[in-house]
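# Remarks on the overall topology
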Amino acid sequence: MDYLNSTQAESLQQFVMITSWPENDMEGAIQMLSICQWNVELAITRYYDEGPLRPNPNVLSRRNVSAPDDGRPITPEPVVAPRLDDPAPRTIAPRPSFITTALTSLILLPFAIVSKVAHGAFYIFAMLFPFLPRLTGIYPSNMGAARSERRSVNPRDTAARFIRDFEEEVGKSRSEVLPFFEGGYTQALDAAKKELRFLLIILQSDEHDDTSRFNRNILTNPDIVRYVREKDMIVWGGNVRESEAYQVANALSCTRYPFVAMIAYTPPTSSHPASMSIHGRLQGYSSPESVLTNLQAIVDRHESVLQRVRSERLEQQTAREIRAAQDMAYEASLTADREREHARVEAERVEREQREAEVRAAAAKVNYRKWRANELRVKMAEVDASASNGMKVARVSIRLPSGDRIVTRFAENQTVKDVYDFVECYEDIMAPSNTADSVEQPPDNYEHHYKFKLVSPMPRMTIETSSDKLIKEEKALWPNGNLIVEEEEEEEEEEEDTE
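As the structure is a computational prediction, the values presented were derived from the model and not from experiment.

Cut-offs and rules
- Residues numbered from 1 in each chain as written.
- Predicted model: local features only at pLDDT ≥ 70, side-chain atom pairs only at ≥ 80, totals over all residues.
- Heavy atoms only, no water.
- 1 Å grid on protein atoms, 1.4 Å probe; cavity = no way out; pocket = protein on both sides within 12 Å on 5 of 7 lines; lining within 4 Å.
- Points joined across faces, edges and corners; volume = space filled by probe spheres on them.
- Helix = DSSP H or I, 4+ residues; strand = E, 2+ residues; numbered from the N terminus.
- Expected span 1.5 Å × (residues − 1).
- Buried < 20%, exposed > 50% of the residue type's maximum accessible area, 1.4 Å probe, protein only.
- Arc of directions from axis to C-beta.
- Polar contact = N/O pair within 3.5 Å; in protein donor to acceptor, adjacent residues only side chain to side chain.
- Phe/Tyr/Trp six-rings, centres within 6.5 Å; stacked < 30°, edge-to-face > 60°.
- Lys NZ or Arg CZ within 6 Å of the ring centre and 35° of its normal.
- Pairing = 2+ DSSP bridges.
- Axes fitted to C-alpha atoms, helices over the stretch in contact; angles between N-to-C directions.
- Contact = heavy atoms within 4.5 Å.
- Parallel < 35°, antiparallel > 145°, perpendicular 65-115°, else oblique.
- Nonpolar A, V, L, I, M, F, W, Y, C, P; charged D, E, K, R; others polar.

This part is about empty space enclosed by the protein. By the definition in use, this model includes three cavities of 30 Å³ or more. Estimates place the volume of the largest cavity at around 100 Å³. Thr-158, Phe-162, Gly-238, Asn-239 and Glu-242 are, among the 15 residues lining the largest cavity, the residues nearest its centre. Going through the elements one at a time, α7 (155-170), β2 (234-239) and α11 (243-251) are the ones with two or more residues in the lining of the largest cavity. If one sorts the elements of the lining of the largest cavity by residue count, α7 sits on top with six residues.

Moving on, we get to α7. Counted at 1.5 Å a residue, the expected span for α7 with its 16 residues is 22 Å, and the 23 Å between its end C-alpha atoms agrees. Every buried residue belonging to α7 is among Thr-158, Ala-159, Phe-162, Ile-163, Phe-166, Glu-167 and Val-170, and all of these are buried. All buried residues of α7 project into a common sector of 165° when viewed along the axis, lining one side. The backbone nitrogen of Arg-156 has a side-chain oxygen 2.8 Å away, supplied by the residue at the start of α7, namely Asn-154. Gly-171 occupies a position one or two residues after α7 and carries a positive phi of about 70°.

Here the focus is the environment of Met-32. Mapped onto the elements, Met-32 comes out in helix α2 (residues 26-35). Residues Met-32 and Tyr-47 lie 15 residues apart in sequence; the distance between their C-alpha atoms is 8.0 Å.

In this section: the packing of aromatic side chains. All chains considered together, the criterion is met by nine aromatic pairs. Both rings, one in Tyr-420 and one in Tyr-450, keep their centres 5.3 Å apart while their planes meet at 55°; by these two values the pair is tilted. Separated by 30 residues along the polypeptide, Tyr-420 in helix α13 (residues 416-424) and Tyr-450 in the loop between α14 (426-430) and β7 (452-457) bring together distant segments of the chain. Take Tyr-420 and Tyr-450: they sit in the same class, and that class is buried. Taken together, the ring pairs in this structure connect Phe-162, Phe-166 and Phe-180 into an aromatic cluster. A cation over a ring is seen here: Arg-213 above Tyr-285, with NZ or CZ 3.7 Å from the ring centre. Sitting above the plane of the Tyr-265 ring, Arg-313 keeps its charged end 5.4 Å from the centroid.

Consider a sheet: its strands pair through backbone hydrogen bonds, and that pairing is either parallel or antiparallel. Across the sheet, five strands lie side by side as β6-β5-β9-β7-β8; this open sheet has mixed pairing. For this open sheet the edge positions go to β6 (405-411) and β8 (460-463), each flanked by a neighbour on one side alone. This sheet shows a mean twist of 35° between the axes of neighbouring strands, independent of strand direction. With four bridges connecting them, β7 and strand β9 (residues 480-487) associate as antiparallel partners. Each residue of the ladder has a partner; that of Val-455, found in β9, is Ile-484. Sheet strands in contact with helix α12 (residues 288-388) are β5 (393-399) and β6, and its direction is about 75° off that of β6. Where α13 meets the sheet, its contacts fall on β5, β6, β7, β8 and β9, and the angle it forms with β7 comes to roughly 115°.

What follows concerns the sheet that holds strand β3 (residues 259-266). The four strands are arranged β2-β1-β3-β4 in an open sheet whose pairing can be described as mixed. Whereas interior strands pair on both sides, the edge strands pair on one side only; in this sheet they are β2 and β4 (275-283). Adjacent strand axes in the sheet meet at a mean angle of 20°, parallel and antiparallel pairs treated alike. Each of β1 (199-204), β2, β3 and β4 touches helix α8 (residues 185-195); the most contacted strand, β2, lies at about 165° to it.

For the rest of this paragraph, the subject is the packing of α7 against helix α9 (residues 210-217). Relative orientation of the contacting elements α7 and α9 amounts to 80°, with a least axis distance of 10 Å. Here α9 runs roughly perpendicular to α7, going by the angle between their axes. Residue-level contacts link Phe-166, Glu-169 and Val-170 of α7 to Ser-212, Asn-215 and Arg-216 of α9. Among the residues making up the contact of α7 with α9, the classes are represented as two nonpolar, two polar and two charged.

See below:
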């Protein structure tokens with residue numbers, strides 16, 4: 001094996017150690033690795049699926065291949081299928097008769113039955129005792145298919161099975177052993193990087209006699225368990241018989257078992273980016289005191305770095321929270337300003353609409369009074385003419401709030417509302433008539449409200465506004481009436497107090 005370079009020698013050693021390859025057949029291991037392009041994982045998978053290779057005349061002996069002087073790995077020769085000689089001219093053999101075929105089948109039938117029974121029995125023994133094919137070199141034809149149909153297992157399930165097997169082996173509860181991470185290696189690595197914690201990797205192989213002693217003396221040692229828990233380490237373990245643990249062993253360049261590695265976050269420098277680095281490793285069995293001493297040395301050497309990074313991240317997180325709080329306060333201030341501006345604009349709109357409504361109401365009131373003044377002026381002229389002709393009219397005396405007294409006449413078919421409108425429009429009625437200011441139609445959608453009431457003093461009785469009740473039907477007005485105009489000041493003051 002002197003012709004192999006260092007990389008190939010290390011791959012060969014790892015392949016032989018994992019597969020327990022016979023030491024007297026190193027050429028077969030080299031041939032397996034050469035065919036698999038010196039990919040150890042692929043070679044191990046092919047070995048467990050198909051077994052050892054048979055001698056192949058197309059693969060050159062590695063003794064005839066020398067490694068380059070510059071230390072570069074050897075590029076293996078590709079395996080080429082042997083070419084057949086040029087075919088001879090095709091000849092058609094005579095077809096055997098039916099009797100010959102039947103006799104041949106009958107003679108070979110016992111041998112076929114015995115062969116199938118023997119093959120089935122050997123397959124059963126090969127499944128019950130996996131070491132038989134390796135010792136005999138004979139593999140059932142469908143054994144590789146059975147191996148290739150193994151169901152892939154979720155990394156979390158693999159970790160749970162490893163923890164369960166470990167607890168069953170040591171016979172202790174979970175609180176008495178190392179706190180193994182229940183998840184895949186990648187998840188554990190991400191958690192250690194995110195939380196800035198030490199990641200303790202433990203790899204084992206069932207082929208090594210030290211595994212059981214390591215589990216009972218090291219992984220359950222009270223001092224080691226207490227120290228790992230105090231430092232809040234993430235502990236991930238696996239058995240290299242599983243695919244994930246085997247890949248981790250390759251990535252960490254593991255050569256001996258049991259294997260312990262300490263991984264932690266390394267901040268970036270001028271020459272290297274930030275990464276999860278290996279800060280220490282232990283290969284093979286060591287005493288509990290030695291393992292604890294090494295763990296303490298690794299932690300003491302790198303804990304200050306992690307603490308500094310934690311402080312920096314805490315400062316950054318605090319700064320982000322302060323900025324977020326400032327942004328929230330700024331947004332709240334902007335929201336309050338927008339709400340105040342919206343309230344101001346809304347108040348101005350409401351006030352403007354109220355002023356416009358008041359202006360429209362005032363204009364409608366003026367037009368209503370002009371319209372009613374014109375109507376009452378015409379009716380009063382008709383009443384005067386009717387009184388001159390001897391028709392009965394009501395004579396009503398009205399005392400205004402100013403103290404003035406008005407005496408006027410109303411026709412018997414006029415309504416009580418005409419009396420109220422006479423008082424409301426008295427100034428317009430008495431004013432000189434102006435054709436330009438006259439209004440022929442009442443305002444649309446206008447309902448007039450009187451701010452006074454008419455009261456008969458003897459006996460005191462309030463005359464209600466009514467457009468249906470005729471004057472002759474009101475005893476306080478017909479045939480003579482005496483009314484007092486009382487403004488509704490008290491009701492207005494009560495309404496203002498209520499507002």
